[in-house]
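Commentary on secondary and tertiary structure
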Amino acid sequence: MSLHEIAAHATNVDKQAFRDAMASLGAAVNIITTNGPAGRAGFTASAVCSVTDAPPTLLVCLNRSASVYQVFRENRQLCVNTLAAGHETLSTLFGGKTPMPERFIAADWSTLATGSPILSGALASFDCKVSQMVSVGTHDILFCEVLALVRNDESHGLAWFDRGYHHLMRQEAR
Ligand SMILES: NC(=O)C1=CN([C@@H]2O[C@H](COP(=O)(O)OP(=O)(O)OC[C@H]3O[C@@H](n4cnc5c(N)ncnc54)[C@H](O)[C@@H]3O)[C@@H](O)[C@H]2O)C=CC1
Ligand SMILES: Cc1cc2nc3c(=O)[nH]c(=O)nc-3n(C[C@H](O)[C@H](O)[C@H](O)COP(=O)(O)O)c2cc1C
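Residues numbered from 1 in each chain as written. Chains lettered and ligands numbered in written order. Predicted model: local features only at pLDDT ≥ 70, side-chain atom pairs only at ≥ 80, totals over all residues. Heavy atoms only, no water.

So, about the overall build of the protein. The secondary structure content of the protein amounts to five helices and 12 strands. Over its C-alpha atoms the protein spans a radius of gyration of 17 Å, differing by no more than 12% from the 16 Å that the globule rule assigns to 174 residues. A principal-axis box enclosing the C-alpha atoms of the protein has dimensions of 55 × 40 × 35 Å. By the burial criterion, 35% of the 174 residues in the protein qualify as buried. Taking contacts inside the protein between residues at least 6 apart in sequence as the whole, the part at least 24 apart equals 64%. If you sum the accessible surface of the protein, you get close to 10,200 Å²; carbon and sulfur atoms cover 55% of it. Side chains of the protein give 13 positive and 15 negative charges; the mean places of these two sets differ by 5 Å. (Helix = DSSP H or I, 4+ residues; strand = E, 2+ residues; numbered from the N terminus. Rg over C-alpha atoms; globule rule 2.2 N^0.38 Å. Buried < 20%, exposed > 50% of the residue type's maximum accessible area, 1.4 Å probe, protein only. Contact = heavy atoms within 4.5 Å. Areas by Shrake-Rupley, 256 points an atom, 1.4 Å probe, with all protein chains shown as cover. Lys, Arg positive; Asp, Glu negative; His and termini not counted. Charge placed at Lys NZ, Arg CZ, Asp CG, Glu CD.)

Given below as structure tokens:
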């Protein structure tokens, strides 16, 4: 019996029950981009989290069956672009099935340290090198060390909650 089979037998919680419960965890929405020897690619991700500030590191969970997987695996550098209110259409474009050139043509991009695309108007863009990749089930966890970043403190935020987009308003100036 493989480790995966043991894990599947050890729980009575099926995939759908897990997803239904996960739909109640609100999360930031991000477009993860890369450019390098393997080419340019990008996808939408809510599975992004801060790991440590020394060295500044975050993690991104990427499904190994995604069309973009090999490009990210080979480039080993990426940018986490945290989306702002108004980026819903862009998020859906990068959320699957759309050819890569059509995804990128829909917005303005620049570069910072690694050459990965930095999205104009993102709330924050974290330009990173991938320091470690760990496989868990269907996904790889990419640990990403932040080499450079830019912030935009003007726009409101965007959250993915209950399978839909929601705007997060900034506090009034205090
Ligand atoms: N971590 C991931 O890989 C995520 C994938 N998605 C994908 O986006 C599409 C739309 O998602 P929803 O409308 O939120 O409905 P959904 O019912 O597919 O997912 C509900 C929640 O379950 C979690 N989830 C979904 N698929 C997952 C996966 N393969 N591995 C780990 N967690 C997963 C996420 O927290 C998601 O928001 C689906 O195709 C889904 O697979 C969405 C969010 C996270
Ligand atoms: C709101 C939202 C959040 C998503 N979060 C993730 C994620 O965290 N990890 C992941 O591997 N895929 C996630 N996906 C799915 C990927 O964006 C999608 O599989 C990716 O664009 C690759 O699609 P493709 O294989 O058609 O190119 C998410 C999709 C949406 C709409």
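Of note, the bond from Ala-54 into Pro-55 is cis; its omega dihedral lies within 30 degrees of zero at -5°. One non-glycine residue, Asp-162, adopts positive backbone phi at about 55°. As for its position among the elements, Asp-162 is in the loop between strand S11 (157-161) and strand S12 (164-168).

To continue, consider the UniProt feature "domain: Flavin reductase like" (unreviewed entry) in the protein. UniProt's feature table lists "domain: Flavin reductase like" (unreviewed entry) at residues 22-167, given in the numbering used throughout. Summarising residues 22-167: 14% helix, 49% strand, and an end-to-end C-alpha distance of 19 Å. (UniProt positions renumbered as here; feature names shortened; annotations may be inferred.)

Tallied over the entire structure, the rule returns zero disulfides. This cysteine, Cys-49, is not joined by any disulfide, and Cys-61 carries the nearest cysteine sulfur, 8.3 Å off. For Cys-49, a relative accessible area of 39% puts it in the partly exposed group. The class of Cys-61 is partly exposed, set by a relative accessible area of 23%. (Disulfide = S-S within 2.5 Å.)

Tallied over the entire structure, the rule returns five aromatic pairs. When the centroid spacing of 5.1 Å and the interplanar angle of 55° are considered together, the rings of Phe-104 and Trp-109 count as tilted. The cationic tip of Arg-40 hangs over the ring face of Phe-104; the distance from NZ or CZ to the ring centre is 4.2 Å. (Phe/Tyr/Trp six-rings, centres within 6.5 Å; stacked < 30°, edge-to-face > 60°. Lys NZ or Arg CZ within 6 Å of the ring centre and 35° of its normal.)

If you trace the seven strands from one edge of the open sheet to the other, you get S3-S2-S6-S9-S10-S5-S4, paired in antiparallel fashion. Two strands bound the open sheet, and with one partner strand each, they are strand S3 (41-45) and strand S4 (48-53). This sheet shows a mean twist of 30° between the axes of neighbouring strands, independent of strand direction. Relative to strand S9 (residues 124-136), strand S6 (residues 77-82) runs antiparallel, the two sharing six bridges. Bridging from a neighbouring strand, Asn-81 pairs with Ser-125 of S9. (Pairing = 2+ DSSP bridges. Axes fitted to C-alpha atoms, helices over the stretch in contact; angles between N-to-C directions.)

Around ligand 1 lies a shell formed by Arg-19, Met-22, Ala-23, Ser-46, Ala-47, His-139, Trp-160 and Arg-163. A distance of 2.9 Å is found between an oxygen atom of ligand 1 and a side-chain nitrogen or oxygen belonging to Arg-19. A distance of 2.9 Å separates an oxygen atom of ligand 1 from a polar atom in the side chain of Trp-160. Alone, ligand 1 offers 640 Å² of accessible surface; in the complex the protein occludes 60% of this. (Near = heavy atom within 4 Å. Polar contact = N/O pair within 3.5 Å; in protein donor to acceptor, adjacent residues only side chain to side chain.)

Moving on, we get to the site of ligand 2. Taken together, 17 residues form the shell around ligand 2, and within it Thr-44, Asn-63, Ser-67, Phe-94 and Lys-97 come nearest. Take Ala-47: an N or O atom from its main chain is 2.9 Å from an oxygen atom of ligand 2. The contact in question runs from a nitrogen atom of ligand 2 to an N or O atom on the backbone of Cys-61, over 2.8 Å. In isolation ligand 2 offers 630 Å² of accessible surface; the protein chains occlude 81% of this area.

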